[in-house]
Amino acid sequence: MPTNIRLPRDARIVILTGAGISRESGLHTFRDADGIWAKVRLEDVATPEAFVRDPAQVQAFYNTRRRDLQDRNVQPNAAHAALARLEREWRGEVLLVTQNIDDLHERGGSRHPLHMHGELLKARCQYCDHVVEERGDLSVESACPHCGLPGGMRPHVVWFGEMPLEMERIYGALAECDLFVSIGTSGNVYPAAGFVAEARAHGAHTVELNLEPSDGARAFAEGHYGPATEVVPAFVDALLQQG
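What comes next concerns the included structure. (Residues numbered from 1 in each chain as written. Predicted model: local features only at pLDDT ≥ 70, side-chain atom pairs only at ≥ 80, totals over all residues. Heavy atoms only, no water.)

1. Observations regarding the nonpolar core
And then number 1: Membership of the largest hydrophobic core comes to 25 residues, with the highest contact counts inside it found for I15, W90, V232 and L239.
And then number 2: Every element with two or more residues in this core is listed here: β1 (13-17), α4 (78-89), β2 (94-98), β7 (179-183), β8 (205-210) and α8 (228-242).
And then number 3: When residues in this core are grouped by element, the largest group, 7 residues, is from α8.
And then number 4: With near-sequence residues (within four places) excluded, V232 lies in contact with A79, A82, L83, I183 and L209.
And then number 5: V14, V97, M116 and C177 belong to the second largest nonpolar core, which has 18 residues in total. (Core = buried A, V, L, I, M, F, W, Y, C linked by side-chain atoms within 4.5 Å. Buried < 20%, exposed > 50% of the residue type's maximum accessible area, 1.4 Å probe, protein only. Helix = DSSP H or I, 4+ residues; strand = E, 2+ residues; numbered from the N terminus. Contact = heavy atoms within 4.5 Å.)

The structure is reproduced here in structure tokens:
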């Protein structure tokens, strides 16, 4: 894969991934024409107001997503594995930030991906803010294993209208990175859509890897397009070889 990147091997890299990297693992995307938001209104299942109004409906929606993620046919793909390889073999710092709430990066070998939108296989208590692993179904009666109070357990995901997680750490990394790579994102969901501008403002080289150019493609210095299982491993190979 031809690339304009010339980096020392101790360069700092920030990678952002979105739903496109998990598409070939069998997970439904949210914003495609046939995606999840085409079948259900996000206002009904993915806002704090929806949880107050109809917690049973919200729990049922995420229970289905949780079961889908744990289907044996849903497995990490070559793109996940390639990013885990980059983490292992690159001498400099690699921060993997994902908008995805699945665990495919972890299963693909990544050590500590930063889930800015939370994690589907975790639950959080609204009363004491304790976070626990959760692989089964939640209900409106589910009790917190930490404080013992029932009715406050919610999916540990960031809903529309809520602040994404670890933003201070992310912006700090963007200000110091030498390379910013966006993979499989739509380019229209903020604050993540603004990461490329933040990285460029601090002198980083910017690259988009996507199935097709995103809404923000013109903000990147270069782009490579095609299935994630092809373009991501090829890009990682090129990085490691030139380094």
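2. What to know about the sheet that holds strand β3 (residues 114-115)
And then number 1: One open sheet accounts for 6 strands, arranged β3-β2-β1-β7-β8-β9; its pairing is parallel. Strands at the two margins of the open sheet, each flanked by one partner only, are β3 and β9 (222-225).
And then number 2: Most of the contacts of α4 go to β2, to which it runs at about 150°, and overall it touches β1, β2 and β7.
And then number 3: Packed on one face of the sheet, helix α6 (residues 167-176) meets β1, β2, β3 and β7 and runs near 135° to β2. (Pairing = 2+ DSSP bridges. Axes fitted to C-alpha atoms, helices over the stretch in contact; angles between N-to-C directions.)

3. A few points about helix α3 (residues 55-69)
And then number 1: Between the first and last C-alpha of α3 there are 21 Å, a value that for 15 residues agrees with the 21 Å anticipated at 1.5 Å per step.
And then number 2: Every buried residue of α3 is accounted for by V58, Q59, F61, Y62, N63, R65, R66 and L69.
And then number 3: On the buried face of α3, the contacting elements are α1 (42-45), α2 (48-53), α5 (104-107), β4 (118-125) and β6 (153-157). (Expected span 1.5 Å × (residues − 1).)

4. Some remarks on the packing of α4 against α8
And then number 1: Relative orientation of the contacting elements α4 and α8 amounts to 15°, with a least axis distance of 7 Å. As judged from the angle between their axes, α4 and α8 are roughly parallel. When you trace α4 past α8, the crossing you get is left-handed. Within the contact between the two elements, α4 uses A78, A79, A82, L83, R85, L86 and E89 and α8 uses A228, T229, V232, P233, V236, D237, L239 and L240. (Parallel < 35°, antiparallel > 145°, perpendicular 65-115°, else oblique. Left-handed = near helix turned anticlockwise from the far one by under 90°.)

5. Observations regarding the state of the cysteines
And then number 1: On inspection of all chains with the given rule, the structure shows 0 disulfides.
And then number 2: Take C144: it sits in no disulfide, and the sulfur closest to it among the cysteines is that of C128, at 3.7 Å.
And then number 3: Relative accessible area serves as the criterion here: at 3%, C144 is assigned to the buried category. (Disulfide = S-S within 2.5 Å.)

6. Focus on the side chain of N100
And then number 1: Relative to the helices and strands, N100 is located in the loop between β2 and α5.
And then number 2: There is a polar contact of 2.9 Å between the side chain of N100 and the backbone oxygen of G18.
And then number 3: Of note is the side chain of N100, whose polar atom sits 3.1 Å from the backbone nitrogen of A19.
And then number 4: If near-sequence neighbours (up to four positions away) are discounted, N100 is found in contact with T17, G18, A19, I21, S22, H115 and G118. (Polar contact = N/O pair within 3.5 Å; in protein donor to acceptor, adjacent residues only side chain to side chain.)

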